[in-house]
Amino acid sequence: MKIKTSKVAVVGCGLVGSSTAFSLVTQGVCDEILMIDINEERALGEVLDLRDTIKYLDRNVKVRTASYADCSDVDIIVITAGAPPQKGQTRLDTLEVSAKIVKTIVDPVMASGFDGIFIVVSNPVDIIAHYVYKLSGLPKNQVIGTGSSLDTSRLQNFIAELVNVDPRSVYAYSMGEHGDSQMVPWSTVTVAGKSFNDIIQDNKDLVGEVDLDEIVKKTTREGWEIYNRKGTTYYGIATACAGIIKAILYDENRIIPVSTLLEGEYGETDVFAGVPTILNRTGAADILEIHMTDEELDKFHQSVEILREYTEKMHTPD
Ligand code: NAD
């Protein structure tokens, strides 16, 4: 008998990749982590630093450097290699560079015999996830973009602050593009079961006049608020990514808004976009189709249209 070791590979050991590995190690999420980077010294530096944490943690997660040939029996590969946007660029402006980078990763990974799940973090994440899906030839449930998972935690923080509750008691999704066109279906937002629209009506003395569009704008801008102060962002996405990995490895059936292939859901096809998705050991097991108002659905379609435009610009792999 052989008990299977749970293995996660992190490709791209920069700020997002190393923070993701740190999050996995400190939470003891898997048995082994393989660190891969074009800059091998950087990967080794991160491995050595991560190993120094073990003495003070509950689990001895094994961390080592690796090559793509070692990926054949890996459960999950997280792709964080990329070029973060420079000042004045949007995430969409980094598409060409990111696409070139991921091709150099996905081809050798697939040649290793890999048949696990890709989690794409590199931006623009929805389009790159679609590209990885096409390049890899894996079934759609095995390619997931982190999508609007991070935006959703930002959104929940803002709502929670407004009504003074724990963000984890807020049920709200940011959907569509992980980027400027993301939208929030406000009619579906609840705080522990009570509709947010009713909360606003019933608590005018506490919340005053609430500008929902402004909350969406704040959510969209939050990445730039962080970027303008520290040059980049990584703890939020790394922790969201670890949450997605946990949902998969522990077969949780947890619903997280990630970027997944739409095949008729919400009236959209052949595009990756952020939608609430059931995650378990099979990866993106199913999409939750929440009921939106016509106006909300229009906003969702507008966001998806932008993703489709960029997705179609990408070369289909040979
Ligand atoms: P970084 O510059 O700190 O790290 C990138 C790493 O990728 C570097 O270590 C680099 O050596 C490596 N790399 C580059 N080309 C490679 C290749 N061909 N093969 C293997 N490794 C390669 O950048 P970062 O801050 O960690 O950001 C990484 C990516 O994550 C960017 O695309 C960024 O926009 C994205 N990001 C996404 C989200 C999200 O919510 N989806 C949030 C934050 C950052």
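Structure shown above.
This one's a predicted model, so the numbers in the text were calculated from it and none came from an experiment.

So, how was this worked out
- Residues numbered from 1 in each chain as written.
- Predicted model: local features only at pLDDT ≥ 70, side-chain atom pairs only at ≥ 80, totals over all residues.
- Heavy atoms only, no water.
- Pairing = 2+ DSSP bridges.
- Helix = DSSP H or I, 4+ residues; strand = E, 2+ residues; numbered from the N terminus.
- Polar contact = N/O pair within 3.5 Å; in protein donor to acceptor, adjacent residues only side chain to side chain.
- Contact = heavy atoms within 4.5 Å.
- Near = heavy atom within 4 Å.
- Areas by Shrake-Rupley, 256 points an atom, 1.4 Å probe, with all protein chains shown as cover.
- Axes fitted to C-alpha atoms, helices over the stretch in contact; angles between N-to-C directions.
- Parallel < 35°, antiparallel > 145°, perpendicular 65-115°, else oblique.
- Left-handed = near helix turned anticlockwise from the far one by under 90°.
- Nonpolar A, V, L, I, M, F, W, Y, C, P; charged D, E, K, R; others polar.
- Buried < 20%, exposed > 50% of the residue type's maximum accessible area, 1.4 Å probe, protein only.
- Patch = residues over 30% accessible without salt bridge, like charges linked within 9 Å, V, L, I, M, F, W, Y side chains within 5 Å.
- Salt bridge = Lys/Arg side-chain N within 4 Å of Asp/Glu carboxyl O.
- Lys, Arg positive; Asp, Glu negative; His and termini not counted.
- Charge placed at Lys NZ, Arg CZ, Asp CG, Glu CD.
- Expected span 1.5 Å × (residues − 1).

A.B. asks: What exactly am I supposed to notice about the sheet that holds strand β7 (residues 170-171) here?
C.D. replies: Two orientations exist for strands paired in a sheet by backbone hydrogen bonds: parallel and antiparallel. Strands sit in the order β7-β8-β9 across an open sheet of three strands; the sheet is antiparallel. With one partner strand each, in any of the chains shown, β7 and β9 (194-195) form the two edges of the open sheet. Looking at chain direction, strand β8 (residues 190-191) and β9 are connected through two bridges and run antiparallel. Paired with Thr 190 across the strands is Ser 195, a residue of β9.

A.B. asks: It is not clear to me how the side chain of Thr 220 should be interpreted in this structure. Could you clarify?
C.D. replies: By the secondary structure assignment, Thr 220 is in helix α8 (residues 212-230). A polar contact of 2.8 Å, which involves the side chain of Thr 220, links it to the backbone oxygen of Val 216. For Thr 220, the residues in contact, after removing those within four places along its chain, are Gly 179, Asp 180 and Gln 182.

A.B. asks: What is the right way to look at the site of the ligand in this model?
C.D. replies: Neighbouring the ligand are 26 residues; Val 16, Asp 37, Thr 80, Val 121 and Asn 123 lie closest to it. Taking Gly 14, its main chain carries an N or O atom lying 3.4 Å from an oxygen atom of the ligand. A distance of 3.3 Å separates a nitrogen atom of the ligand from a polar atom in the side chain of Thr 146. Coverage of the ligand by the protein amounts to 86% of the 870 Å² it exposes when considered alone. For the shell around the ligand, the elements supplying multiple residues, two or more each, are α1 (15-27) and α3 (95-111).

A.B. asks: Teacher, can you tell me more about the packing of α1 against helix α2 (residues 40-51) here?
C.D. replies: For any two helices packed against each other, the geometry is given by the interaxial angle and the distance between the axes. It is the contact of α1 with α2, at a shortest axis distance of 11 Å, that shows an interaxial angle of 25°. Here α1 is positioned roughly parallel relative to α2, judged by the angle of their axes. The crossing of α1 and α2 is right-handed. Contact with α1, carried on its side by Leu 15, Ser 18, Ala 21, Phe 22 and Val 25, involves Arg 42, Glu 46 and Leu 50 of α2 and no other residues of that element. Its residues assigned to classes, the contact of α1 with α2 shows five nonpolar, one polar and two charged.

A.B. asks: Got a minute to help me understand the pairing of strand β1 (residues 7-11) in this structure?
C.D. replies: Along a regular strand, successive side chains alternate from one face of the sheet to the other. Counting buried positions over the five residues of β1 gives five, a clear majority of the element. Residues Lys 7, Ala 9 and Val 11 of β1 are buried on one face, and the alternating residues Val 8 and Val 10, pointing to the opposite face, are buried as well. In this structure, β1 lies alongside strand β2 (residues 32-36), joined through five bridges in parallel fashion. Directly across from Lys 7, in β2, lies its bridge partner Glu 32. Pairing of β1 with strand β4 (residues 76-79), which is carried by four bridges, proceeds in the parallel orientation. Looking across to β4, one finds that Ala 9 is bridged to Ile 77.

A.B. asks: Just to check I follow, could you spell out a negative patch on the surface for this structure?
C.D. replies: A cluster of like negative charges, contributed by Asp 211, Asp 213, Asp 294, Glu 295 and Asp 298, occupies part of the molecular surface. Looking at the negative patch element by element, the count peaks at three residues for helix α10 (residues 294-313). If you trace the backbone, Asp 298 turns up in helix α10. With relative accessibility at 45%, the residue Asp 298 sits in the partly exposed group.

A.B. asks: Could you clarify how one ought to interpret the side chain of Ser 18 in this entry?
C.D. replies: Tracing the sequence through the fold places Ser 18 in helix α1. The exposure class of Ser 18 is buried, given its relative accessible area of 10%.

A.B. asks: Would you explain unusual backbone geometry in this entry?
C.D. replies: Only a minority of non-glycine residues have a phi that is not negative, and only a minority of peptide bonds are not trans. Here the residue pair Asn 123 and Pro 124 is connected by a cis peptide bond, since its omega of -5° sits within 30 degrees of zero. Mapping Pro 124 onto the fold places it in the loop between β5 (117-120) and α4 (125-136). In this structure, Asn 164 is a non-glycine residue whose phi angle is positive, near 60°. With respect to the element layout, Asn 164 can be found in the loop between α5 (149-163) and β7. One non-glycine residue with positive phi stands out, namely Tyr 266, at about 55°.

A.B. asks: What is the right way to read α1 from this model?
C.D. replies: Owing to its 3.6 residues per turn, the α-helix aligns residues three or four sequence positions apart on the same side. In this model α1 runs 18 Å from its N-terminal to its C-terminal C-alpha over 13 residues, within 8% of the 18 Å that 1.5 Å per residue would give. Along α1, the residues classified as buried are Val 16, Gly 17, Ser 18, Ser 19, Thr 20, Ala 21, Ser 23, Leu 24 and Val 25. In the segment just after α1, Gly 28 is the residue with positive phi, at about 60°.

A.B. asks: What's the story with the packing of α3 against α4 in this structure? I'm lost.
C.D. replies: At a minimum axis distance of 10 Å, the contact between α3 and α4 shows a crossing angle of 30°. Accordingly, the angle class assigned to the pair α3 and α4 is roughly parallel. Remark: the crossing between α3 and α4 carries right-handed chirality. Seen from α3, the contacting residues are Leu 95, Ser 98, Ala 99, Val 102, Lys 103, Val 106, Asp 107 and Met 110; seen from α4, they are Ile 127, Ile 128, Tyr 131, Val 132, Leu 135 and Ser 136. Taken together, the residues of the contact of α3 with α4 break down into 10 nonpolar, two polar and two charged.

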